[in-house]
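This is what each chain is made of:
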Amino acid sequence: NQLLWNYKLNLTTDPKFESVAMEICKSTITECNEVERGRGYLVSCLVDHRVNISEYQCNQYITKMTSIIFSDYRLICGFMDKCKEDINSLRCGSINIGHKDIHSQGEVIACLEKALVREVEQQDRAHPIKEECQKAILRVAELSSDDFHLDRHLYFSCRDDRERFCQNIQAGEGKVYKCLFNHKFEEAMSEKCRDALTTRQKLISQDYRVSYSLAKACKLDLRKQRCSLDTSLPRAREARLSYLLLCLEASVHRGHPVSGECQGEMLDYRRMLMEDFSLSPEIVLHCRTEIEAQCSGLHRKGRTLHCLMRIGRGDRSNAMDSVCQNALQTLIQSADPGGDYRIDRALNEACESVIQTACKHIRNGDPMILSCLMEHLYTEKMVEDCEHRLLELQYFISRDWKLDPILYKKCQADAARLCHTHGWNETNEVMPPGAVFSCLYRHAYRTEEQGRRLSRDCKVEVQRILHQRALDVKLDPELQKRCMTDLGKWCSEKTDAGQELECLQDHLEDLVSGCKDVVGNLTELESEVSKAKPKDIQIDALLIRACEPVIQAHCHDVADNQIDTGDLMECLVQNKHQKEMNDKCAVGVTHFQLIQMKDFRFSYKFKMACKEDVLRLCPNIKKKVDVVICLSTTVRNDTLQEAREQRVSLKCRKQLRVEELEMSEDIRLEPELYEPCKSDISRLCPNVAFGNAQMIECLKEQKKQLSQRCHQRIFRLQEVEMSDPELDYQLMRVCKQMIKRFCTEADARNVLQCLKQNKNSELMDPKCKQMITKRQITQNTDYRLNPVLRKACRADIPKFCQSILNKASEDGELEGQVIACLKLKYADQRLSSDCEDQIRVILQESALDYRLDRQLQMHCSEEISRLCAEEAAAQEQTGQVEECLKVNLLKIRQEACKKEVLNMLKESKADIFVDPVLHTACALDLKHHCAAITPGRGRQMSCLMEALQDKRVRLQPECKKRLQDRIDMWSYAAKVAPAEGFSDLAVQVMTSPSKNYILFMIALSVCVLFLVGLLCGRITKRCPALDPVTPSMNPKISLWTSPNSAIAPAV
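Labelled according to an unreviewed UniProt entry, the protein appears under the name Golgi apparatus protein 1, originating from Astatotilapia calliptera.

Shown next as structure tokens:
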């Protein structure tokens, strides 16, 4: 053995050997001409440049020499001199000749290699390896990278495994190494071979040249992209595998050409780094505690890394050390799994079924696969294991914009222009997490006036990322950092998809300032994005996913729109109650509406339309509801004052109308109404849904039982709705089709008036008719709820009904008292013409439906139940209840009710239209005998009475009978309720159907009295001459008599 070893040693240093080598390889090797002769350096040089050798003889010669040299570390030129002390201090074996078997000498190099790896991982600080020995160890590993036979330790450790897994792989060019690496985690792989392979992989991570195939494939690309290493250093930073990968990946992302062969090799080694955490010394060094405590036993197939990722994205109570977090981020930057999901073997295996079903239309290995998986997160196609692996990886990708290759490609120029990234090194690890993306989305929605906007392609990608981040707050680095305390305080129980962000939005006003700003900005952006297309999708992915049926049925045109205007959310709000709307979508849309109320900036369209008006007219107001009130009050005041120019711009007024309509749909969108009525809601409407204005409608129906504050708010709401019916959500919803049919040309503020006029049309929808009746009942409770009446009678009300106004409270209903007062004055014919017209309409309406007469309904409810139950139960009210009360007037027990019925009779004398039963019975007679008579002031009624008394006129039997009944009723009414004064008497006479007859009789009586007076005067004129007593003598007689007294002659 000793002689053989000396022969080998002499052979490597023999000048003759060197001469032969130079002779055989002279035509292809020029790089080794300057190498020092006689010291064995030539062989190393030839092996180093073997890639460039094309001659067969030279190749064969080098192969034979390397097999001799690498059989013993002592034969490798210079190695023994440089590492002698380290071999002894590390006890890696004897350097004495013949001490060990020749074939075991490879164990010495293996010992040194393991020691080098431990030192890098700082596991062995007691025996640091000298720098020149470190260089020699890596040089040996590099020289043996071509043929695995040259790595004696690995060769003997993996002989059986090579036959098992790589039998057909030809040795050379590092092919056997790669084959064994690919099978490293197979169950059949021996532990001894696996350890040897891991050691070699760790050396590759220290110096990429230890991988023959990677160094060869990427040699030219490294030079082109200026990633070459500094040969003056033993292990320069540029030699690290991570640096090579980062540098070349950055070139690929920037669009610079990198050969396909090099990219293939990079893919293999990126996958290798993701599979085995131990190949990254920083992970082993800085994450040892986390691995031992929580990730032990998960070494294979990337499970340890994903375990660390899970800890990294965990909550504060289980926080990862920042140094470990940075090491993990650096590793993921190097491996760049965002570029190809197959790099992450754990993710690939977990998500294979999802990719085959949901993402099969995307080319295998395309970066869009990850986006596709994120799109299907929390859907039926997603499996739990894939969901976990995906979120663990996305957490780290979201912290470096370069890890999303599509975003990086589309936004690289924008980032350099707007965020000044051109000054940052592409491999800089100190860049603030999420800093570049935060800068990009701040510029995403700038207007043209603001300038410095993103390009369209970049904006689309920013929207895609925002959409993904909305699924989990941990995917937004800035949000997670600033809101960690608030998440624990307010949202610890909100663990489902998207719930954490919703929870933060719900508690926006309670958040600390930093968190409040971030959530506010994100919510503002959320309101600005309104797309449903894969390339341009809005932030709230869960909402859009839930609302897909509604979007397809009612909002597809808006969803396909190419401009971000917030139309999609507006469309969803408008179609909240369509049959395609499901509970999840409805809840999501309502949540979005509620969040918008916290700040007007959260409503994109409103913000864009009214920003200038808000700054000018409503400064320092942030809450949307307050802004809406401020602007709507300004519009109303300008309208009432008939201002020459509206202070609120036209575009803002239009959007303001949309916002007001949306707020009317759900009481929760109007905090000033919702807060005072909370207790009433739980007490009176516990099972009523909030949406569709159902809760507001319930409170209106229970108005009498409401608390004072709530009652006041509801009354004010009704006052606003009656003056602007468009804000009456239930009316507009129920009567939508009828408005289109009857009121297309009517002004928006006159919609209710138009519907009332067409209420009895045969084409009127029954549900709409019922809703109109409800609104009429409401209007007749208080004149203030009838803006048309209020305007027409603004002079008459204080003139005739001031006593009622003096007793009324500001926010309490007058229970129809003012309207009842005006009705009586109508019967007395004392109202102004405009007011008279409106009261006539009210009388005609209430004559058909007793419920529209608030005073009658209040005072006669018991009598109606007792005497007219059947009539009151009729589905269609045509005045039958009023007729029943009139017929049963003598049976009415309550004086207040009897008085109301008598008032009805009095009112009917003033206008036949007020008496629908009589009007129906006498319709033909009115047409034949009274067609020329103008309606009103009892004229047509007088015409019929005269016709009744005229024996020449033949009335219809039914009309004649009804008229006779009315005469009897009026006669009874006169007896029961005689005139209380001269004015009442005069009014009764003037309103009597027999007015002319009565006036004639009164005139005749006056004439008779006048004539009698004249006659009596003539008789008494002679009496004083016969009277002997003067008036002064009898003062008593003078006190009780007069010159014309009939008693004088007797005296």
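Read on for the rest.
A. Quick peek at the overall build of the protein. Along the backbone of the protein there are 61 helices and 2 strands. Put simply, the protein has 1051 residues, and 52% of those count as buried. Within the protein, residue pairs in contact and separated by at least 24 positions form 63% of the contacts whose partners lie at least 6 positions apart. By element, 51% of the accessible surface of the protein is carried by carbon and sulfur atoms, the whole surface being about 51700 Å².

B. Local environment of the packing of helix H35 (residues 604-617) against helix H37 (residues 650-663). At a closest axis distance of 9 Å, the pairing of H35 and H37 adopts a crossing angle of 130 degrees. Considering the angle they form, H35 stands oblique to H37. Of the two elements, H35 crosses H37, and the hand of that crossing is left-handed. Here Lys605, Phe606, Met608, Ala609, Cys610 and Asp613 of H35 lie close against H37, whose contacting residues are Lys651, Cys652, Gln655, Leu656 and Glu659. Looking at side-chain class alone, the contact of H35 with H37 contains 6 nonpolar, 1 polar and 4 charged residues.

C. Representation of unusual backbone geometry. Of note, the phi angle at Glu173 is positive, near 60 degrees, even though the residue is not glycine. Considering the arrangement of structural elements, one finds Glu173 in the loop between helix H9 (159-165) and helix H10 (175-182).

D. Spotlight on the side chain of Lys825. Within the secondary structure, Lys825 is located in helix H49 (residues 817-827). Despite being buried, Lys825 has no salt bridge partner; Asp828 is the closest side chain of opposite charge, sitting 4.3 Å away. Apart from residues no more than four positions distant in its own chain, Lys825 is found in contact with Phe800, Arg830 and Leu831.

E. Geometry of the packing of H10 against helix H11 (residues 191-206). Interaxial distance between H10 and H11 falls to 11 Å at its minimum, and their mutual angle equals 115 degrees. Classified by the interaxial angle, the pair formed by H10 and H11 is roughly perpendicular. Considering the relative orientation of H10 and H11, their crossing is left-handed. Together, Tyr177, Leu180 and Phe181 of H10 and Leu197, Arg200, Gln201 and Ile204 of H11 make up the contact between the two elements.

F. The arrangement of helix H15 (residues 260-275) in detail. Here H15 spans 23 Å end to end across 16 residues, near enough to the 22 Å set by a 1.5 Å rise per residue. Here H15 has its buried residues at Cys262, Glu265, Met266, Leu267, Tyr269, Arg270, Met272, Leu273, Met274 and Glu275.

G. Summary view of the packing of aromatic side chains. Counted according to the given criterion, the structure contains 6 aromatic pairs. An angle of 50 degrees between the planes, with centres 4.9 Å apart, marks the rings of Trp401 and Tyr408 as tilted. Residue classification places Trp401 among the buried positions, given a relative accessible area of 8%. Each ring, one from Tyr674 and one from Phe690, has its centre 6.0 Å from the other, and the planes form 80 degrees; the classification is edge-to-face. Placement of Tyr674 in helix H38 (residues 671-674) and of Phe690 in the loop between helix H39 (678-684) and helix H40 (694-701) is noted, with a sequence separation of 16 residues between them. Taking the relative accessible area as the measure of exposure, Phe690 reaches 23% and is therefore partly exposed. One aromatic cluster in this structure is built from Phe148, Tyr155 and Phe156. A cation sits over an aromatic face here: Arg399 above Tyr395, 3.6 Å from the ring centre.

H. Spotlight on the pattern of salt bridges. Applying the stated rule across the entire model yields 55 salt bridges. Note that Asp680 and Arg683 form a salt bridge whose closest N and O atoms lie 2.8 Å from each other. Of this pair, Asp680 and Arg683 both sit in helix H39, separated by 3 residues, roughly a single helical turn. Its relative accessible area of 47% is what places Arg683 among the partly exposed residues.

I. Quick look at the state of the cysteines. With the rule as written, the count across this model stands at 26 disulfides. Through a disulfide, Cys295 is tied to Cys307; the S-S separation comes to 1.9 Å. The chirality of the disulfide connecting Cys295 with Cys307 is left-handed, given an S-S dihedral of about -80 degrees. You can see Cys295 sitting in the loop between helix H17 (288-294) and helix H18 (303-312) and its partner Cys307 sitting in helix H18, a full 12 residues away along the chain.

J. Fine view of the nonpolar core. Grouped together as the largest cluster of nonpolar side chains are 98 residues, with contacts concentrated most on Leu241, Ile283, Leu308 and Leu373. In this structure, Cys439, Cys458, Leu466 and Leu501 belong to the second largest nonpolar core, which totals 34 residues.

K. Main features of the environment of Thr357. As for its placement among the helices and strands, Thr357 is situated in helix H21 (residues 352-358). Given the relative accessible area of 45%, Thr357 is considered partly exposed. A polar contact is formed between the side chain of Thr357 and the backbone oxygen of Ser353, at a distance of 3.1 Å.

L. How the structure looks around H40. By the criterion of burial, H40 is predominantly enclosed, with 6 of the 8 residues buried. Of the residues making up H40, those classed as buried are Met695, Ile696, Glu697, Cys698, Leu699 and Lys700.

M. Representation of the confidence of the model for the protein within the structure. On average, the protein scores 79 in pLDDT, and the residues at 70 or more come to 80%. Mean pLDDT per element in the protein: strand E2 (residues 536-537) is the minimum at 34, and H39 is the maximum at 93. Note that pLDDT drops below 50 for residues 423-430; the model gives that stretch 12 contacts with residues more than four away or on any other chain. Scored below 50 in pLDDT, residues 1025-1051 shows 7 contacts in the model against residues more than four places distant or in partner chains.

N. Looking closely at a nonpolar patch on the surface. Together, Phe1000, Met1001, Leu1004, Val1008 and Val1012 make up an exposed nonpolar region whose accessible area comes to about 440 Å². Here Val1012 lies in helix H60 (residues 995-1020). Overall, the relative accessible area of 43% leaves Val1012 in the partly exposed class.

O. View of the environment of Val284. Within the secondary structure, Val284 is located in helix H16 (residues 281-286). Of the residues examined, Val284 reaches a relative accessible area of 9% and is grouped as buried. Spatially, the C-alpha atoms of Val284 and Gln122 are 9.0 Å apart, while their sequence positions differ by 162 residues.

Reading the values: the criteria
- Each chain has its residues counted from 1, following the order in which its sequence is written.
- At least 70 in pLDDT is required for a residue's local features to be given in this predicted model, at least 80 for side-chain atom pairs to be given and counted, and no such filter applies to totals for whole chains, interfaces and linings, which use all residues.
- Values shown for side chains rest on all heavy atoms present in the structure; no hydrogens or waters enter the calculation.
- Comment: elements are numbered from the N terminus, with helices defined as DSSP H or I runs of at least four residues and strands as E runs of at least two.
- For every residue, the accessible area (1.4 Å probe, protein chains only) is compared with the maximum for its type, and the residue is labelled buried under 20%, exposed over 50%, or partly exposed between those bounds.
- The contact criterion used is simple: two residues touch if any of their non-hydrogen atoms lie within 4.5 Å.
- Residue burial considers only the protein chains on display, and all accessible areas are found by Shrake-Rupley using a 1.4 Å probe.
- Only the stretch in contact is used when a helix axis is fitted, and all axes are lines through C-alpha atoms; the angle between N-to-C directions ranges over 0 to 180 degrees.
- In this scheme, roughly parallel covers angles under 35 degrees and roughly antiparallel covers those over 145, while 65 to 115 is roughly perpendicular and the rest are oblique.
- We call a crossing left-handed when the near helix sits turned anticlockwise from the far one by less than a right angle, and right-handed when that turn is clockwise.
- Under this grouping Gly is polar, as are all residues other than the nonpolar Ala, Val, Leu, Ile, Met, Phe, Trp, Tyr, Cys and Pro and the charged Asp, Glu, Lys and Arg.
- For the purpose of charge, His is not counted, nor are the chain termini; Lys and Arg are scored as positive and Asp and Glu as negative.
- What counts as a salt bridge is simple: a side-chain nitrogen of Lys or Arg found within 4 Å of a carboxyl oxygen of Asp or Glu.
- Any helix carries an expected span of 1.5 Å times its number of residues minus one.
- Stacked, tilted and edge-to-face pairs are distinguished by plane angle, under 30 degrees for stacked and over 60 for edge-to-face with tilted covering the rest, among Phe, Tyr and Trp rings (Trp via its six-membered ring) whose centres lie within 6.5 Å.
- Sitting over a ring, as applied to charges here, requires NZ of Lys or CZ of Arg to be within 6 Å of the ring centre and within 35 degrees of the ring normal.
- The term disulfide is used for any two cysteine sulfur atoms that are within 2.5 Å.
- Nonpolar core, defined: a set of buried Ala, Val, Leu, Ile, Met, Phe, Trp, Tyr and Cys residues in which side-chain atoms within 4.5 Å join the residues together.
- Two N or O atoms form a polar contact when they lie within 3.5 Å of each other; inside protein one atom must be a possible hydrogen donor and the other a possible acceptor, and for residues adjacent in sequence the pair counts only when both atoms belong to side chains.
- Residue-level confidence of the predictor, termed pLDDT, takes values from 0 up to 100.
- Patch membership is restricted to residues that have no salt bridge and whose relative accessible area is over 30%. Joining uses 9 Å for like charges and 5 Å for the nonpolar side chains Val, Leu, Ile, Met, Phe, Trp and Tyr.

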